[in-house]
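Each chain, written out:
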2 protein chains.
Amino acid sequence: MQITDMTEPKFHWTKQAQHHNARAGTLHTAHGDVQTPTFMPVGTVGTVKAMTMDAVRSTGAGIVLGNTYHLMLRPGAELVHELGGLHKFMDWSGPILTDSGGFQVMSLGDLRKLDEDGVTFRSHIDGSAHRLTPESSTDIQYLLDATITMCFDECPALPATYETIAKSMRLSMRWAERSRKQFKNRPGYAQFGIVQGGIEPDLRAESVEALTNIGFEGYAIGGLAVGEPQEQMFSTLDFTTHLMPIDKPRYLMGVGTPDDMLGAIERGVDMFDCVMPTRAGRTGRAYTSHGTLNMKNACHIHDPNPIDPECDCLACSKHSRAYIHHLFRSKEILGAMLLTWHNIAYYQRLMRIIRQAIIEDNLTQTAATLRSNWTHHNQPKL
Amino acid sequence: MQITDMTEPKFHWTKQAQHHNARAGTLHTAHGDVQTPTFMPVGTVGTVKAMTMDAVRSTGAGIVLGNTYHLMLRPGAELVHELGGLHKFMDWSGPILTDSGGFQVMSLGDLRKLDEDGVTFRSHIDGSAHRLTPESSTDIQYLLDATITMCFDECPALPATYETIAKSMRLSMRWAERSRKQFKNRPGYAQFGIVQGGIEPDLRAESVEALTNIGFEGYAIGGLAVGEPQEQMFSTLDFTTHLMPIDKPRYLMGVGTPDDMLGAIERGVDMFDCVMPTRAGRTGRAYTSHGTLNMKNACHIHDPNPIDPECDCLACSKHSRAYIHHLFRSKEILGAMLLTWHNIAYYQRLMRIIRQAIIEDNLTQTAATLRSNWTHHNQPKL
């Protein structure tokens, strides 16, 4: 793909390599380039919890996520706009993707009332009444100055009946059209459509067709990671990703564990977001090359080794497992700070390892090694 | 003062300048030099709360404090020793001063039982029984590898009767002698005696004489900042510091506000520690060139200005008051991280400003300007 006008570069994705269905590429945006596959740390209310943005940058993260639902309630999209946008507010000059608020209205808002036009709900913070529609969600994301705006959609929890999923998907497709109409495109900015349809092949196909007829700069896969087993998620990806445009980025929303992401990349996904590494960092769970560790466990009391000897984050380059364990045992904030940093660093390193393997046409072997190491919860030998 | 043996440099303090009673100098230690006056951030259990040690270093802090009472209970001095000492454990290669545990046993421990030999108490964490004596406190500080070890002492709360203060001070002097006997001195390491005697001139004089007869590398002033008014603290310093050796560092324990420290420096004090800037950073109070600010106040909601325009810390160079306010309102950990960083940065900058004024023989004017600015709680003009 060529940039047609260098003075106003369009948002686009270029592919560097492919190994079976797995893709290595680069997102080109108004706020810089991002190598894919990529994991986007979640910065819900304008902060990746327990990290400075300098720390986030140091892990190699190229793009972060903000939550429209949270930001519209506090501090408010108008305030963020008045202060120069979310990039300046949170000190992140790279690209930012904002979700549409649709998913979180359904999972966090109180007294939700859904109609054809949109959703009315009460804030989980103060009970105040709010309304989101495809138009207002798109406008809020514009005020936040999101590099990538998501379509406003509705997403039923699984398991659900075929009829429920079909009805919801078709509503989301009508909303996608309204979201697109409301979207003010600017050079290097993008809007992604969200493929819905649960685990039903025909509904996913119908959704992809509806979205590609509208036309977006990228396509997300929604409605997964909502409680279904991993095999169901993978089988849904198997029949969904190959229907999606090959020249546009594909984003699997809300996923996941290292193993989930590896399997999804093998099935053609390019982008991920998930609260797991940050949330785990605050509760003492470490993601490592050798599986997960509970840093609160007494086995770490005397351990002079780093969390992950293959990691170069601050926690691993400067501190022992014994120290991290001590911080969690003492309920010190620094425990959450260091372990969140480590987990995000691990997620970013994993993306780099996988990307390199795709480029070297070696992903099959690399994936086998990664999976084998994850099942070895042993102390690493130093 | 000359270093007598360059291969094994002694701990010593050199004076660069004096303005009336205020001194600018340098501490020379096994773990590097520290310019005085100096403020020591408190790293109670091996972490300056909510800060990485890289952040602490970036503020210009030269020496930090650890708490014997906390560290002996968790993770334990033997464990810290086994892992290479407190410097390595917490990633601080500079000097560390540890208190003796005496003060905190009295303020935090349960079921304290004091006798001539020492103190028996129960841990505030798990109720387990422990004993501290001058010998065991000194040994624990040795295991922690403290650059500066403090004598084990007893400190009654004020107000107290003359008899109570006299009896307590004389016990502390006998304990100081035992602490000194137990101390294993090494090149560049030090032990400080602690002057007690409440607000009684004759008791303070008796205490100074007892300690200087024993002989220490430095002298602390204990028993202040325990609830007395500032004038009483200053008047006690007025008749205490001029009794103390002029060629040794003087450390006022547990002090204080910027105004407390300025007044104490004017009275000949060189070193301080206090939890205020770190604790305030977690509760939303900012120390600035223009007095304190409560970052939770609604007046900051729209404010695009930094906390302190004269500050170059991460919080002030990258973020608005509106953002810091938003983080506290949203109970985000990053709020505590950024504001603690700022407060420690302010304390360190204040020490540099005062030191420079002493060197330039200009402290009287600088102190007047600082005090005048602190009473202006206005928004700074940008």
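Quick note: structure is the one above.
Here's what I pulled together on the structure shown here. Predicted model, so just to flag it, every value in this text is computed and none were measured.

Reading the values: rules and limits
Residues numbered from 1 in each chain as written. Chains lettered and ligands numbered in written order. Predicted model: local features only at pLDDT ≥ 70, side-chain atom pairs only at ≥ 80, totals over all residues. Heavy atoms only, no water. Pairing = 2+ DSSP bridges. Helix = DSSP H or I, 4+ residues; strand = E, 2+ residues; numbered from the N terminus. Axes fitted to C-alpha atoms, helices over the stretch in contact; angles between N-to-C directions. Contact = heavy atoms within 4.5 Å. Core = buried A, V, L, I, M, F, W, Y, C linked by side-chain atoms within 4.5 Å. Buried < 20%, exposed > 50% of the residue type's maximum accessible area, 1.4 Å probe, protein only. Salt bridge = Lys/Arg side-chain N within 4 Å of Asp/Glu carboxyl O.

## Topic: the sheet that holds strand E2 (residues 22-29) of chain B
Residue and element names in this part refer to chain B.
- Overall, antiparallel pairing links the three strands, which are arranged E1-E2-E3 in an open sheet. The two strands at the open ends of the sheet, each matched to only one other strand, are strand E1 (12-19) and strand E3 (32-36). Geometrically, the sheet is characterised by an average inter-axis angle of 15° between neighbouring strands, direction not taken into account.
- Most of the contacts of helix H14 (residues 333-359) go to E2, to which it runs at about 115°, and overall it touches E1, E2 and E3.

## As for the nonpolar core
- With 198 residues, the main nonpolar core has Leu252, Phe272 and Ile307 of chain A together with Leu252, Phe272 and Ile307 of chain B as its most contacted residues.
- Considering each element in turn, this core owes the most residues, 15 residues, to H14 of chain B.
- Isoleucine 307 of chain B has contacts with Ala286, Thr288, Leu293, Met295, Ala315, Cys316, Arg321, Ile324, Leu339 and His342 of chain B, leaving out every residue within four places of it along the chain.

## Thoughts on the sheet that holds strand E4 (residues 38-40) of chain A
All names here are of chain A.
- Read from one edge of the open sheet, eight strands run E4-E14-E13-E12-E11-E10-E6-E5, paired in parallel fashion. What marks the edges here is a single partner per strand, and that holds for E4 and strand E5 (64-66). Across this sheet, the average inter-strand angle for adjacent strands is 25°, counted without regard to direction.
- Note: strand E12 (residues 218-221) against strand E13 (residues 250-252), three bridges, orientation parallel. Pairing of tyrosine 219 across the sheet is with arginine 250, part of E13.
- Contacts from helix H8 (residues 201-214) reach strand E11 (190-195) and E12, with the element oriented near 160° to E11.

## So, the pattern of salt bridges
- By the definition in use, this model includes 37 salt bridges over all chains.
- With a closest N to O distance of 2.7 Å, glutamate 266 of chain B and arginine 371 of chain B form a salt bridge. Linking glutamate 266 of chain B in helix H10 (residues 258-266) with arginine 371 of chain B in helix H15 (residues 363-374), this pair joins segments that are 105 residues apart in sequence.
- Three or more residues joined by partner-sharing salt bridges are found here, namely Asp115, Asp117, Arg131, Glu135 and Arg178 of chain A.

Interpretation in functional terms is not warranted from these geometric data alone.
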